[in-house]
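Residue-level listing of the chains:
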Amino acid sequence: MKVTFLKPTILLLLIISNLNTSAQKLEDIKYTASNKGKFFVSWGGNRESFSRSDIHFKGEDYNFTIKDASAQDKPKGWHIDYFNPTRITIPQTNMKIGYFISDKYTVSIGVDHMKYVMNRNLTKTVDGYINLPLTDAGSVYNGTYNNEAFLVSEDFLMFEHTNGLNYVYTEFSRYDDVSKLFNLPNIDKFQINITEGIAGGVLYPQTNTTLLQKDRYDEFHISGYGVSLHAGLNLTFFKHFFIQLDMKGGYINMPDIRTTSNTAESASQHFMYLQRVISFGGIFRI
């Protein structure tokens, strides 16, 4: 009878001991040691630089190219508008949401809201022709231009992707935890990652244009595509919060930029860009 009684008692003790051991092992595993299955979201701001580009304008009564045009971004600086839901398109911003398909690799979608302002009141080389009806105010620019020096004034052209140069992309990235290189004792409190990735997507700008003294046009339009690469430093705090610094470079090709309300009129350009990004985010499991 005693032996019969002891058997279930010993079995119960073994089960309890095993559960305690398993629980201890789970406690020893850091949350940040495994990323697979985690989601992340981020929001931040950017500055960018653009290469020079040829901008081609065409319509029913004109067809010309402004060569070697330069541009700059339009920074807002540190401002509450970055967090104001009614004004978040005024500053240059970055948004991304992603998922770890493994401990090291992620897929994500994002929007880089950049701003592109063509520099005006500069002498540029113009090639092509303008032959507007004489009743149009812009007919003062009528003529044939054979790679001629021409003052691109504000009256002649305002050309800005300021609401904005919207790059909507899908990205594939790799993350590597390098915390051990810095002898960090507890990676759940602070973790250092390096990340790099490749992306591609469409350009959906709202181009603010006044061309040849025509009425200003400012509407969203899918204008082309882009591809990009990035490398960054990710600092994760207390398991769920991070700051990320990214350097992004890419190529943008927009063959169909709306410039006026007339669908027969458009512009095209392609250029390279370099973007510096700081973003804040959270990482979690659902």
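The notes below deal with the structure included here. (Residues numbered from 1 in each chain as written. Predicted model: local features only at pLDDT ≥ 70, side-chain atom pairs only at ≥ 80, totals over all residues. Heavy atoms only, no water.)

Concerning the pattern of salt bridges
Once their charged atoms are close, side chains differing in charge can pair, the charge on each being opposite to the other.
Then, in step 1: Using the criterion set out here, one finds nine salt bridges in the structure.
Then, in step 2: Of the charged contacts in the structure, one is a salt bridge between arginine 47 and aspartate 73, with a shortest N-O distance of 2.6 Å. Taken together, the residues span a long stretch of sequence, with arginine 47 in strand β1 (residues 39-50) and aspartate 73 in the loop between β4 (71-72) and β5 (93-100) at a distance of 26 residues.
Then, in step 3: We note a salt bridge from lysine 104 to aspartate 176, for which the minimum N-O separation is 3.1 Å. With lysine 104 in the loop between β5 and β6 (105-118) and aspartate 176 in strand β9 (residues 157-177), this residue pair connects regions lying 72 residues apart in the sequence.
Then, in step 4: Its relative accessible area of 35% is what places lysine 104 among the partly exposed residues.
Then, in step 5: Under the relative-accessibility criterion, aspartate 176 is labelled buried at 15%.
Then, in step 6: Among the ionic contacts, a cluster of salt bridges with common partners joins Lys104, Arg174 and Asp176. (Salt bridge = Lys/Arg side-chain N within 4 Å of Asp/Glu carboxyl O. Helix = DSSP H or I, 4+ residues; strand = E, 2+ residues; numbered from the N terminus. Buried < 20%, exposed > 50% of the residue type's maximum accessible area, 1.4 Å probe, protein only.)

Considering the nonpolar core
Then, in step 1: In this structure, Phe57, Phe64 and Phe156 are the most contacted members of the largest nonpolar core, which totals 34 residues.
Then, in step 2: At five residues, the largest contribution of residues to this core is made by β9.
Then, in step 3: Sequence-distant contacts of phenylalanine 64, defined by excluding residues within four places in its chain, comprise Ile55, His56, Phe57, Val126, Asp127, Gly128, Tyr129, Ile130, Phe156, Leu211 and Leu212.
Then, in step 4: Counting five residues, the second largest nonpolar core, distinct from the first, contains Phe40, Phe100, Tyr175 and Phe242. (Core = buried A, V, L, I, M, F, W, Y, C linked by side-chain atoms within 4.5 Å. Contact = heavy atoms within 4.5 Å.)

So, a nonpolar patch on the surface
Then, in step 1: On the surface, Val41, Met95, Ile97, Ile109, Phe284 and Ile286 cluster together to form a nonpolar patch covering roughly 550 Å² of accessible area.
Then, in step 2: Counting through the fold element by element, valine 41 comes out in strand β1. (Patch = residues over 30% accessible without salt bridge, like charges linked within 9 Å, V, L, I, M, F, W, Y side chains within 5 Å. Areas by Shrake-Rupley, 256 points an atom, 1.4 Å probe, with all protein chains shown as cover.)

Re the side chain of serine 153
Then, in step 1: Relative to the assigned elements, serine 153 resides in the loop between β8 (143-152) and β9.
Then, in step 2: Judged by relative accessible area, which is 16%, serine 153 ranks as buried.

A word on the pairing of strand β11 (residues 206-211)
Then, in step 1: Counting buried residues in β11 gives six out of six residues, a clear majority hidden from the surface.
Then, in step 2: Along β11, one buried face is formed by Gln206, Asn208 and Thr210 and the opposite face, lined by Thr207, Thr209 and Leu211, is buried too.
Then, in step 3: Where β9 and β11 come together, five bridges link them in antiparallel fashion. The residue of β11 that forms the bridge with phenylalanine 159 is threonine 209.
Then, in step 4: As paired elements, β11 and strand β12 (residues 217-220) share four bridges and run antiparallel to each other. (Pairing = 2+ DSSP bridges.)

What about the side chain of glutamine 191?
Then, in step 1: In this fold, glutamine 191 is placed in strand β10 (residues 190-203).
Then, in step 2: Looking at glutamine 191, its side chain comes within polar contact range of the side chain of asparagine 193, at 3.4 Å.
Then, in step 3: Excluding residues that lie within four positions of it along the chain, glutamine 191 makes contacts with Thr32, Asp177, Ser179, Asn234, Leu235 and Thr236. (Polar contact = N/O pair within 3.5 Å; in protein donor to acceptor, adjacent residues only side chain to side chain.)

Some thoughts on the pairing of strand β14 (residues 241-258)
Then, in step 1: The pairing of strand β13 (residues 224-237) with β14 spans 13 bridges and is classified as antiparallel. Residue pairing across strands places tyrosine 225 opposite asparagine 253, the latter belonging to β14.
Then, in step 2: In textbook terms, the turn of a hairpin is the stretch between consecutive antiparallel strands, and for β13 and β14 this stretch comprises three residues, one of which, phenylalanine 238, has a positive phi near 50°.

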